[in-house]
Amino acid sequence: MNKLENYIKGKWETGDGDGQILFNAVNGSPVATTSTKGLDFNAILDYARTKGNPALRTMTFHERGLMLRALALHLQNHLDKFYSISYQTGATKADSWIDIEGGIGNLFSYASLRRKFPDESFCLDGEPHPLSKAGSFMAQHLLVPKEGVAIHINAFNFPVWGMLEKIAVNLLAGVPAVVKPATVTCYLAEAVVKEIAASDILPDGALQLLCGSAGDLLQHVTAQDVITFTGSASTGKSLKSQKRILDENVPFTMEADSLNCIVLGEDVNPGMPEWDIFIKEVRKEMTVKAGQKCTAIRRIFVPENKVEDIQLALGKALSQTTIGNPLNDKVRMGSLAGLDQRRDVKDQVQKLLASSQVIYGSLDSVELIDADADKGAFISPLLLLNEKPLYSPAVHEVEAFGPVSTLMPYNSLEEAIHLSKMGKGSLCSTIVTANNKLAKHYILGAGTHHGRMLVLNSECAKESTGHGSPLPLLVHGGPGRAGGGEEMGGIRGVKHYMQRVAVQGSPSSLTAITNVYQQGAKGYEDMVHPFRKHFEEIAIGDQLMTGKRTVTESDIINFANLSWDHFYAHVDATSLEGTMFEKPVAHGYFILSAAAGLFVENSMKCPVLLNYGIDEFRFTKPVYAGATIQVRLTCKEKKTQDIKEENDVAKGIVKWLVEVIDETGEQVAIGTILTMVKKKFQ
Ligand code: NDP
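In short, a report on the structure. None of these values were measured; they are calculated from a predicted model.

**Description of the pairing of strand β4 (residues 30-34)**
Successive residues of a regular strand alternate their side chains across the two faces of the sheet. Burial within β4 is extensive, with four of its five residues counted as buried. In this sheet, β4 lies alongside strand β3 (residues 20-23) in antiparallel orientation, the contact comprising four bridges. Bridge pairing in β4 links Q20 to T34.

**Here we look at the pattern of salt bridges**
What the rule picks out here adds up to 24 salt bridges. The residue R244 makes a salt bridge to E248 at a minimum N-O spacing of 4.0 Å. Taken together, the residues span about one helical turn, with R244 and E248 both in helix α8 (residues 243-248) at a distance of four residues. By relative accessible area, R244 is classed as partly exposed at 28%. On the basis of relative accessible area, E248 is assigned to the partly exposed category, the value being 27%. Notably, a salt bridge pairs D615 with K655, separated by 2.9 Å at the nearest N-O pair. Here K655 lies in strand β25 (residues 651-661) and D615 lies in strand β23 (residues 608-619), a separation of 40 residues in the sequence. Overall, D615 belongs to the partly exposed group, its relative accessible area being 43%. Its relative accessible area of 18% is what places K655 among the buried residues.

**Describing a nonpolar patch on the surface**
Taken together, the side chains of L609, L610, Y612 and V649 make up a nonpolar region of the molecular surface, amounting to roughly 330 Å² of accessible area. When you line up the elements, L610 lands in strand β23.

**Topic: the site of the ligand**
With respect to spatial proximity, 22 residues lie near the ligand, and among them N154, T183, S232, A256 and C294 are the closest. One of the side-chain nitrogen or oxygen atoms of T235 is found 2.8 Å away from an oxygen atom of the ligand. Within the side chain of E399, an N or O atom sits 2.8 Å from an oxygen atom of the ligand. Computed on the free molecule, the ligand has an accessible area of 880 Å², of which 77% lies beneath the protein chains in the complex. Counting residues per element, the ones that place at least two in the shell around the ligand are β10 (226-230) and α7 (233-240). Considered class by class, the residues forming the shell around the ligand number eleven nonpolar, seven polar and four charged.

Each value, and the rule that gives it
Residues numbered from 1 in each chain as written. Predicted model: local features only at pLDDT ≥ 70, side-chain atom pairs only at ≥ 80, totals over all residues. Heavy atoms only, no water. Buried < 20%, exposed > 50% of the residue type's maximum accessible area, 1.4 Å probe, protein only. Helix = DSSP H or I, 4+ residues; strand = E, 2+ residues; numbered from the N terminus. Pairing = 2+ DSSP bridges. Salt bridge = Lys/Arg side-chain N within 4 Å of Asp/Glu carboxyl O. Patch = residues over 30% accessible without salt bridge, like charges linked within 9 Å, V, L, I, M, F, W, Y side chains within 5 Å. Areas by Shrake-Rupley, 256 points an atom, 1.4 Å probe, with all protein chains shown as cover. Near = heavy atom within 4 Å. Polar contact = N/O pair within 3.5 Å; in protein donor to acceptor, adjacent residues only side chain to side chain. Nonpolar A, V, L, I, M, F, W, Y, C, P; charged D, E, K, R; others polar.

If you want it as structure tokens, here you go:
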């Protein structure tokens, strides 16, 4: 039988002994064996820290992003292979799409996110902080990649997505990973890592894979490492509280049991589109991936006078779900990941049945297409009813990780909010309502207890990504029972793998360190006008002190006529009593335009291709006729742009700090404008 290999220290290695047998979830036949016995787990972590980490941390965000993009494109060439293996985990084509292409989609998303970061190995965090009166002392928070390794301990339900959604983030941050998928479905993760390794796209040591037990891996972690765990709360808690992890203060992100809920708004009645949207969403969440989703709806709250109608509608919808061999086109719901998982689900349902009753489905039988219920890990969707949810703690605590959900009545929105919170923290919650006031009440009332919330109605249902889909740029995680962790979240997630350091010093020192001009730092003026320089020739801190211009009354009147902006403060000297102006004030946009007139050199063609826009602009002191203004223009930041098509001009965006000062030396306006500048070399 095929023995799975572990990808460690740049090579594929099998563990010692016969190993654990892994089974096809659909027909029970053995798929492979696997073992991590005899592996040196300390050496694996050391390899990541000494090989993968230095290679990744010295790359820039843009290089890491392009690497993720190349990886995503490469994996897309091997979809057929991944799908054929995925069926063996019990997943239908639609389930496999979420796992495989959803995972690859995450790589693409984080690849694109590189544009939100500088083309540096580190990034700035937040605004600069002036710390002195004269402006010679300041601070800026920086984020630098941690020197350790991301250790991902994953759940069995999404062997591909679970791995790719996590590594996309740590790789963009510049940190390598050791992935330990759940053993029962690790053969699919192994197939994907085989392709990743063969592609040679990642630097050596950037990714290692353990197919089987984690051994004593966690006994060798350090404070520079990050552990993420997805699985049961009991395992999570026992790992999180290990002495080594506490002693070393290792960040531990946990995503565990979550009793996610959906609420039917009191405004929704049969016949409204929201009624059907609600039924469809519940059915989808119960049956996709046979309910083995950390985000699946486990609790359904419905106004008490509508429970019966909802029960009938849900029963009808669930009866249309065809179950069986995922290779059969007619099948809409496959099996659980294995017989152990089915046993677990049945045990958990028994606990729920102490206070609930089954109103749809059966624990003991299931009608199948093209499959044998004795061999495969199949189970019928189970809809339970609990009539006294306020007095039934189990229904808010017991997670049956399968197609199982409990319908419950509520008698007021306040009670629905209270019930949703009885789950003590979940990954996501949905309210279906056409009434946005009601939605606001629910979101603000229950928001403390859920990581993500969806307001679903006819306006967004068509394009909604749904209750159960964690998204790359949104936070995935939840408080309390859900683990208290955070995964993905776009830029937020990347920061989990970086150390935040507050750097203090002079504006000039901080400009040199951050490569972003800090106001008050020394500038550099030379004989060449900055707009005559190509992108590569412009240096951060390049500065131009422009000539001067005296603002006249006719400037103000002419600008009013040209722009049609006849706001009273610019044109009516008799209207100023009680305002902050003494005389008709020049338009702010005139000051901005006049500033451009001062810093744009002349009509000679230059490498500046266009005015790209304004990041922000403030008018800080009124300018009256008679004032003389001048501009200090300083290069603040540069961002190279990708060449998208063959004939594209090579170029970048330059951010300029524009400080407008008057004859007293006081600032009258300040802002950041952007120009698109051609590169010298294509
Ligand atoms: P576990 O908590 O048993 O396993 C989760 C992961 O932890 C697996 O990779 C497992 O590896 C690993 N693990 C277990 N023990 C250790 C250890 N001592 N050291 C290091 N790693 C360890 O959860 P299951 O996957 O068995 O699922 C059980 C229940 O958890 C489900 O029925 C469901 O209720 C819940 N669950 C919740 C999820 C969520 O996202 N909220 C997702 C999946 C499950 P191995 O497979 O080798 O044991």
